[in-house]
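# Analysis of the macromolecular model
Now for the letters of each chain:
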Amino acid sequence: MNSWWFACRKLIGGIPLLFGVTLISFTLMVYFGPDLTYELLGKNPTATAIAEVRHSLGYDQPFWHRYLMYVQQLITLDFGLSMVKDQPVTELLQGAIPVSIQLLLPGFIIGNILAILLAMKAVQNRGKWPDKTIMTFSVIGMSVSFLVIIIGCQLIFSSSYGLDLFPVRGWQVHDKNEQFSWLAYLNYVTVPTIALVLISLGYNTRFYRAVLADEVNKDHINTARAFGHSDQKIYYQLLLKNTMVPIITRTLFSIPMVIISGSLLLESYFGIPGVGLITYEAIIAGDQPVLKAIVGLTAVLFVLVLIGAEILYRLFDPRMGATQK
Amino acid sequence: MINEPAHSRLNLSLWQQSRQHFMKDRWGILGLLIVVLYLLVVIGVWFGLWGTEWSAISDDFNQGPSLQHWFGTNAIGQDIAERGIYATQVAFEVGVVVTVFAIFLGLLIGALAGFFNDTWIDGVLLWLMGVIDAIPFYLLVAAVAFAMQGHAWAMHLAMIAVFWTTTARLIRAEVIKLKQLAFVEAATAIGFNPVHLLFRHIIPNTNHLIIIQATIVFISAIKTEVILSFLGLGIKEGISWGLMIAEATNDIQAGYFNNFLAASLLLFILVIGFNLFSDAIQDALDPKLQKNHEKK
């Protein structure tokens, strides 16, 4: 069985899941969603005007027909105009996605690498004080609400009650000539990054420690130790490579969650015009075209990530593909 | 096994062993004490002993902590301690409702999927879990709130709809494992009714997982309620820690931190208490760890 066939089969296997997520988002957001007829009409509409708008929104069509219309919107990426901003939804998202990536990427990478390093330190000193200290702090980190971390970071680093080093809110990363400026970027991205790292560090460290501790008891590690390999080689080459599968899963799976959940709070609190802020504003205003686009697209993205993960596993562990029927 | 003396150390039942293990865990006991303390606070609110004045407005705006107002007052002169205490009860209500329904749903669906694995029932149920897990949580809540047009229970429903899947997956895996054990095979061989077998003999063997999952769901529900209420998707009438933090964002800019600190501290202490408790019972109920314990 070659890799291409494997990838193709995985993609076909993802179709029921894609069907499910689009069906649920359609049912919740469009079918049971609020009736938009009167939002689009002026005062005192005539009966024909009402019928026309209802027809253009597809309200006179049966369930499956409307579902197919929604799928068509997802495939062509054409969701019409936002109700609040009078701008095509696709255009809104095109502007917002790069901002969210720029905002979240550093924190995401630092958060994961730092967590792996801390977990490694904890596993190397299992049961001793570094392990206990690291794990105590990760429980404390897990217990502080995201909200409190974000507000606290802003208070400490950005406000006049704290260090007052960085701007309180906003995202002016371009200089006067519309050029991307690294200095301005650092200025705006630092505090959200610190917050993001603090949010994820507790959970990640605990997870990675559990994974590493499981692997460190295995025979191949004992053998390597008996052969007299250095700690450096045992932990960072042998151990890390063998735990790559759960680590990849964790990282990939958290991507869609980080994009939406992480950015929702961070961006709405720091006033950064990314996907999260758009989502937040759409939730508050009940902007259905934007919400159905975001819900549908992220769900589809997640399924694609899922399929991507299975293909990646095979690269790291050829046994995985072979054992499956 | 039932007739053996329960007092000899080696013949303790699994539950008794777990309790012994738990009692030795100092952090777990601390967590339990914190949870019990909060529970007493909640019961007091139910009986109207305290937290009754949470909405009363007075002339003392933005006061610092004093004997009369333990955590000070907010911008319209409400006592922050009273509000925090009342919000504790709101948080517990959300936690209990979500936990009970999510665990029940997860247990039922997980057990069915596991019992009928290799049939289409398992396939459909697994598909359903995959679909729900694929939609980012806050968006699903927004979608449910949207579909229910801002109904007061939209948040609870959305959390239940999301939180059952983890429990269901765990129970499913456990039931598949149990199905292959000799006692189930024997019961099938002597012609037990499968429904009876599932509910009387297999599900009771997943109790330890249910207890662990319940504590985890409870923590998630309380933490999530705070964030959703802050975003305007959660509690709308009354007060919750999330709403207090939302109020506090304005106070903070004016330099008043009482509201923010009170709500965050109450939340933090409860969550860390519950986390410690949850970790301790996970250790105590984990059969793998217990074996290691005995070997020593």
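What counts as what
Residues numbered from 1 in each chain as written. Chains lettered and ligands numbered in written order. Predicted model: local features only at pLDDT ≥ 70, side-chain atom pairs only at ≥ 80, totals over all residues. Heavy atoms only, no water. Helix = DSSP H or I, 4+ residues; strand = E, 2+ residues; numbered from the N terminus. Areas by Shrake-Rupley, 256 points an atom, 1.4 Å probe, with all protein chains shown as cover. Lys, Arg positive; Asp, Glu negative; His and termini not counted. Charge placed at Lys NZ, Arg CZ, Asp CG, Glu CD. Buried < 20%, exposed > 50% of the residue type's maximum accessible area, 1.4 Å probe, protein only. Contact = heavy atoms within 4.5 Å. Core = buried A, V, L, I, M, F, W, Y, C linked by side-chain atoms within 4.5 Å. Salt bridge = Lys/Arg side-chain N within 4 Å of Asp/Glu carboxyl O. Phe/Tyr/Trp six-rings, centres within 6.5 Å; stacked < 30°, edge-to-face > 60°. Lys NZ or Arg CZ within 6 Å of the ring centre and 35° of its normal. Axes fitted to C-alpha atoms, helices over the stretch in contact; angles between N-to-C directions. Parallel < 35°, antiparallel > 145°, perpendicular 65-115°, else oblique. Left-handed = near helix turned anticlockwise from the far one by under 90°. Nonpolar A, V, L, I, M, F, W, Y, C, P; charged D, E, K, R; others polar. Buried area = accessible area lost by both parts, 1.4 Å probe. Polar contact = N/O pair within 3.5 Å; in protein donor to acceptor, adjacent residues only side chain to side chain. pLDDT = per-residue confidence, 0-100. Patch = residues over 30% accessible without salt bridge, like charges linked within 9 Å, V, L, I, M, F, W, Y side chains within 5 Å.

A tally of regular secondary structure across chain A gives 15 helices and 0 strands. Summarising its shape, the C-alpha atoms of chain A cover approximately 85 × 60 × 40 Å along the three principal directions. For chain A, the accessible surface area stands at approximately 16800 Å², while carbon and sulfur atoms represent 65% of it. Across chain A, the centroid of the 23 positively charged side chains sits 14 Å from that of the 20 negatively charged ones.

The helix and strand tally for chain B stands at 12 helices and 0 strands. Secondary structure elements of chain B, listed N to C terminal, follow the sequence α-α-α-α-α-α-α-α-α-α-α-α. Considering chain B as a whole, with its 296 residues, one finds that 51% of them fall into the buried category. Partitioning the intrachain contacts of chain B with sequence separation of at least 6 by distance along the chain shows that 69% fall at a separation of at least 24. Per element, the accessible surface of chain B, about 14900 Å² overall, is 66% carbon and sulfur.

On to the nonpolar core, then. One broad rule of soluble globular proteins: the nonpolar side chains tend to lie buried together. If you look at the biggest cluster of nonpolar residues, it comprises 145 residues, and the most contacted ones within it are A:W171, B:M159, B:F163, B:W241 and B:I245. Of all the elements, helix α3 (residues 80-115) of chain B adds the most residues to this core, at 14 residues. Sequence-distant contacts of B:I245, defined by excluding residues within four places in its chain, comprise A:L147, A:V148, A:I151, B:V226, B:F230, B:F260 and B:A263.

Turning next to the pattern of salt bridges. A full pass over the atoms with the stated rule returns 7 salt bridges over all chains. A salt bridge links A:R206 to B:D279; the nearest nitrogen and oxygen atoms lie 2.8 Å apart. In this pair, A:R206 is assigned in helix α9 (residues 182-216) and B:D279 in helix α11 (residues 258-285), connecting two distinct chains. Here A:R206 falls in the partly exposed class, since its relative accessible area comes to 26%. Judged by relative accessible area, B:D279 falls into the buried class, the value being 18%.

Here we come to the packing of aromatic side chains. Across all of its chains, the model carries 19 aromatic pairs over all chains by this definition. On the basis of an interplanar angle of 70° and a centroid distance of 5.7 Å, the ring pair of A:F26 and A:Y67 is categorised as edge-to-face. Of this pair, A:F26 sits in helix α2 (residues 15-31) while A:Y67 sits in helix α5 (residues 63-76); the two residues are 41 residues apart in sequence, bridging distant segments of the chain. You can call A:F26 buried: its relative accessible area is 0%. One aromatic cluster is present, formed by A:F19, A:F26, A:F63, A:W64, A:Y67, A:Y70 and B:W127 through successive ring pairs. Here the guanidinium or amino end of A:R250 rests over the ring plane of A:F207, the centre of that ring lying 4.6 Å away. When the ring centre of B:F115 is taken as reference, the NZ or CZ atom of B:K179 above it lies at 5.8 Å.

What follows covers the packing of helix α9 (residues 207-231) of chain B against helix α10 (residues 241-253) of chain B. All names here are of chain B. Contact geometry of α9 with α10 gives a least axis separation of 7 Å together with a crossing angle of 40°. The angle between α9 and α10 falls in the class oblique. As α9 runs across α10, the sense of the crossing is right-handed. Across the interface between the two elements, I222, V226, S229 and F230 from α9 touch W241, G242, L243, I245, A246 and T249 from α10. Residue composition of the contact of α9 with α10, grouped by class: 7 nonpolar, 3 polar and no charged.

This part is about the interface of chain A and chain B. The interface is formed by 46 residues belonging to chain A together with 39 residues belonging to chain B. Surface buried jointly by chain A and chain B totals about 3700 Å² across both partners, of which 80% is contributed by carbon and sulfur atoms. Counting the contacts that link chain A with chain B gives 1 salt bridge. Run the count over chain A and chain B and you get 5 residue pairs in polar contact (both at pLDDT 80 or more).

With that out of the way, let us pick up the packing of α10(B) against α11(B). All names here are of chain B. Between α10 and α11, the least distance of the axes is 7 Å, while the angle of their chain directions is 145°. Every pair of crossing elements has a handedness; the one defined by α10 and α11 is left-handed. Every residue of α11 that contacts α10 at W241, M244, I245, E247, A248, D251 and I252 is listed here: N259, F260, A263, L266, L267 and L270. Tallied by class, residues from the contact of α10 with α11 come to 10 nonpolar, 1 polar and 2 charged.

All names here are of chain B. In this model, chain B carries an average pLDDT of 82, and 89% of its residues clear a pLDDT of 70 or more. Of all secondary-structure elements in chain B, the lowest mean pLDDT belongs to helix α12 (residues 287-295), at 50, while α3 reaches the highest, 91. Low pLDDT, under 50, characterises residues 1-8; the stretch is placed with 4 contacts to residues that sit more than four places away or in other chains.

All names here are of chain A. A cluster of nonpolar residues, I97, I101, L105, I109, I110, I113, L114 and L117, forms a patch on the protein surface that exposes about 670 Å² of accessible area. Relative to the helices and strands, L114 resides in helix α6 (residues 89-124). With relative accessibility at 35%, the residue L114 sits in the partly exposed group.

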